[in-house]
Amino acid sequence: MTLGIGWVILITIIAILAGAALGFFIARKYMMNYLKKNPPINEQMLRTLMMQMGQKPSQKKINQMMRAMNNQSQIK
């Protein structure tokens, strides 16, 4: 009971495609959960970070940095 070489190649290609699709959805689910548990930086976190670096955070600076970070994330 041997399969032809064509069937072996077809089954291999189907298995690779199924694995890639399954891997994509598992990785997507993992990243959604990760971002839910560890949200991206917000204004309060940025204010704390600037204070730790010895800067006095004004609202104008914070808005400017948030806008720059949002623009940077949209480019990618």
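As the structure is a prediction and not an experimental result, all values here were calculated from the model. (Residues numbered from 1 in each chain as written. Predicted model: local features only at pLDDT ≥ 70, side-chain atom pairs only at ≥ 80, totals over all residues. Heavy atoms only, no water.)

Caption draft 1: Structural view of helix 2 (residues 43-52). Taking the backbone nitrogen of Q44 as reference, a side-chain oxygen 3.3 Å away marks N42 as the first, capping residue of helix 2. Looking one or two places after helix 2, you find G54, whose phi comes out positive at around 90°. (Polar contact = N/O pair within 3.5 Å; in protein donor to acceptor, adjacent residues only side chain to side chain. Helix = DSSP H or I, 4+ residues; strand = E, 2+ residues; numbered from the N terminus.)

Caption draft 2: Just the confidence of the model for the chain, in detail. Put simply, the chain has an average pLDDT of 87, and 93% of its residues get 70 or more. Ranking the elements of the chain by mean pLDDT puts helix 3 (residues 59-75) last, at 83, and helix 1 (residues 5-37) first, at 94. (pLDDT = per-residue confidence, 0-100.)

Caption draft 3: Inspection of a nonpolar patch on the surface at higher detail. Taken together, the side chains of L3, W7, V8, L10, I11 and I14 present a nonpolar region at the surface, about 600 Å² in accessible area. Here I14 lies in helix 1. (Patch = residues over 30% accessible without salt bridge, like charges linked within 9 Å, V, L, I, M, F, W, Y side chains within 5 Å. Areas by Shrake-Rupley, 256 points an atom, 1.4 Å probe, with all protein chains shown as cover. Salt bridge = Lys/Arg side-chain N within 4 Å of Asp/Glu carboxyl O.)

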